[in-house]
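If you want the building blocks of each chain, they are given just below.
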Amino acid sequence: MDQYLFLLTIGPVQEFIAAARRTRDLWAGSQLLSDLSRQAAVYIRDHQGELIFPSSSPGNEDLKQHDVVNRILATVEVDEVGTVGDGIRNFGKDLENHIREIFQEKITKVLYEFKDTCFYREIAEQQLNDLLEINWAAVEFNGTDYNNAREQLERILAARKNTRDFKQPSWSQVGQPKSSIDGQRESVIPEHCYVQRGDNDAIKKQKLNNLWQKFHISGAERLSGVDLFKRWYRPELAETKDDFPSTSHIAALPFIWRYVRASSEYKPLNVEDCHNTGKEDIFCHAIDVYADVLQDIQSKVKLKEKVVQQSSRFTHFMPYDASILYETRLREITDSDELKKRQSTELENARKALKEFYQQIETSDHPSPYYAILHADGDAMGQAIDGLASDYKLHQEFSRQLDKFASSVRDIVESHWGALIYSGGDDVLALMPLHSLLSCAKELHSKFDEAWSDFSALGDVTKPTLSIGIAIAHYMEPLSDTLHLARAAEKKAKSFPGKNALAITLSKRSGSDRTIVGGWSDQFHQHISDLIQLYRKNTIPDGYAFELEDLWQRLGSAVDPAILRAEAKRIAKRKREGKGSSELLKLAEMPPKNNEEKTTWNIEMFVNELVIASELARALGPIEATAKPEETV
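Since we're looking at a predicted model, the values are computed, not measured.

(A) Main features of the layout of surface pockets. Quantified by volume, the second largest pocket comes out at close to 990 Å³. Considering the residues around the second largest pocket, the lining is formed by 29 residues, among which Asp 130, Leu 131, Leu 132, Glu 133 and Asp 165 are closest to the centre. Elements with a contribution of two residues or more to the lining of the second largest pocket: α1 (14-18), α3 (86-111), β4 (133-140) and α7 (225-232). Top contributing element to the lining of the second largest pocket by residue count: β4, with four residues. Here the residues of the lining of the second largest pocket are counted per class, giving 11 nonpolar, five polar and 13 charged.

(B) Focus on the sheet that holds strand β10 (residues 514-519). Spatial strand order, β6-β7-β5-β8-β9-β10: six strands in an open sheet with mixed pairing. Every other strand in the sheet has two partners, leaving β6 (419-424) and β10 as the edge strands with one partner each. On average, adjacent strands in this sheet sit at an angle of 10 degrees to one another, irrespective of strand direction. Two elements, strand β5 (residues 370-379) and strand β7 (residues 427-432), share five bridges in a ladder whose sense is antiparallel. Paired with Ala 372 across the bridge in β7 is Met 432. The strands touched by helix α2 (residues 23-46) within the sheet are β6 and β7, with β6 carrying the most contacts at an inclination of about 20 degrees. The sheet strands contacting helix α8 (residues 247-260) are β5, β6 and β7, and the helix crosses β5 at an angle near 100 degrees.

(C) Looking closely at the pattern of salt bridges. Using the criterion set out here, one finds 31 salt bridges in the structure. A salt bridge links Asp 25 to Arg 231; the shortest N-O distance between them is 2.8 Å. Within this pair, whereas Asp 25 is found in helix α2, its partner Arg 231 is found in helix α7, the two being separated by 206 residues in sequence. No difference in accessibility class separates Asp 25 from Arg 231, as the two residues are buried.

(D) The arrangement of the pairing of β7 in detail. Among the six residues of β7, five are classified as buried, and the element is accordingly described as predominantly covered. With five bridges joining them, β6 and β7 adopt antiparallel strand pairing. By the bridge assignment for β7, Gly 424 is matched with Asp 427. If you look at the hairpin formed by β6 and β7, you'll find two residues sitting between the two strands, and Gly 425 has a positive phi there, around 60 degrees.

(E) View of the packing of aromatic side chains. Scanning all chains against the criterion turns up 21 aromatic pairs. A ring pair is formed by Tyr 326 and Tyr 475, whose centres lie 4.7 Å apart and whose planes are at 50 degrees; its orientation type is tilted. Of this pair, Tyr 326 sits in the loop between α9 (279-301) and α10 (330-334) while Tyr 475 sits in the loop between β8 (465-474) and α15 (479-495); the two residues are 149 residues apart in sequence, bridging distant segments of the chain. Grouping residues by exposure puts Tyr 326 and Tyr 475 together as buried. Between Lys 230 and the ring centre of Phe 16, over which it is positioned, the NZ or CZ distance is 4.7 Å. One Lys or Arg, Lys 508, reaches over the ring of Tyr 370 and ends 4.3 Å from the middle of that ring.

Cut-offs used in this document
Residues numbered from 1 in each chain as written. Predicted model: local features only at pLDDT ≥ 70, side-chain atom pairs only at ≥ 80, totals over all residues. Heavy atoms only, no water. 1 Å grid on protein atoms, 1.4 Å probe; cavity = no way out; pocket = protein on both sides within 12 Å on 5 of 7 lines; lining within 4 Å. Points joined across faces, edges and corners; volume = space filled by probe spheres on them. Helix = DSSP H or I, 4+ residues; strand = E, 2+ residues; numbered from the N terminus. Nonpolar A, V, L, I, M, F, W, Y, C, P; charged D, E, K, R; others polar. Pairing = 2+ DSSP bridges. Axes fitted to C-alpha atoms, helices over the stretch in contact; angles between N-to-C directions. Contact = heavy atoms within 4.5 Å. Salt bridge = Lys/Arg side-chain N within 4 Å of Asp/Glu carboxyl O. Buried < 20%, exposed > 50% of the residue type's maximum accessible area, 1.4 Å probe, protein only. Phe/Tyr/Trp six-rings, centres within 6.5 Å; stacked < 30°, edge-to-face > 60°. Lys NZ or Arg CZ within 6 Å of the ring centre and 35° of its normal.

Set out below in structure tokens:
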């Protein structure tokens, strides 16, 4: 038996995952790669392989406690018969065939959903069969000099990827529109299934309803075979087929939390915190009455199942997709005549029912349309692994620590009312409501630090840290754009001196994007939390930030910092005249954090901090006079 160090990657990754119009597409794409990677890891372990990353820790033999990254590193023993290297080549080919066979089974299962539906099945299968990019490499390994073997392995795999085979696609179809999601592959849904010029109202209604019923698409979406697969794929760890909430549902959760919480409780923790207030019964009754009205309207216009039942894991007293709480979404939920965009009796009845819902729960509060995507990634991971001497056993222990963290992420995210898209190794991607966003980020960071607190094998090597990027955006903005903002924020956090940082980008529908960044060790998180509390206590007027911004735009950075500070203090006194301005004045004269700030006071960053803190404060709601002063986010 000869022993090899073996590395396998499965792709495509970023572009495949990011090509998503709905959150379910994004989630399913991430989970598909995780599911295939899990099967690959189990195959290696069951065929004389010893997993290094991910680890196969005790109690996790099936690797289902968390998602699995698309890079599998292991030691493999093979029988060498015939030419040297034939054994490991056969092993690699057999593993690749095994992965493709599993993927083919998944394809067959998903496409079976459309057995009685007219679509280009052969083209869809060809597009899917052409999707996977599987690359592997191996080097002889005798158990010693692990770092050199791993470096050689990485170089060989990189060379393999750079010389991979390119083939002419077999699924190109002349004259068929491209996918409206990725813009590369052709749509597999015939054009005659869509509304055509000259169709009467009855035919339009029938076609729109058929598109929704058969494919879960609107009248404008064109889906390739890959898009259709992601829309209908049920991941291995999913409880139900539709086990993921929409962006509008996540955006509405702070409103629901504000309504059902106890009057003196402000910590966004578990659903249990909202029990025994009496308000949940009122809310649940009112939302059922409202949903019944919408479903009755839909039955009349023959648009069915658009009031979507929400998975039990994400309801939080809202058993339907929360898009029905937004008046701007009622047209697509109720109005069958989408193409003419005219007022309709059905739409007016829906608006009336929504108004009655808010009256029944006796609140003037309404949900914000903003939500967040959180992207976390470990810092100095390669440096830490390189520092584990030349012992792959230590790398296995390192992987087990990562497994502990990855296994805890789902509970952390969902206890803060979020929805986890992916958690594998040091990588986390999740949708978060704004009221619990910062507390979730803090707990994730603390949990990651905890994973290394008792890991003595690192010795003097710098322990890994976690940088987190957050994008806050309107739920109607393209999901791929918001995901790009989250990844850009994560890169800014990693670019912060010393890394181990938190970066937040706020993208409002009016105005330019705003980004703030600071280190976890610098108490940046606490600083933003303090600003949020000041906004919730109405200590900071909303207009203060924008007057400072106007000051910055008029005077710029060339002005003496002392003058800027003095003017900021003057504005603070005027804005809070007669209402007590001591806390606001402290903000206006904050001491510099480093030597660079001693010469320049960055009003621009301060303004961005104020604006973002204000947005998060609105999600939490004002602090009532009866609340205890020490209660914080």
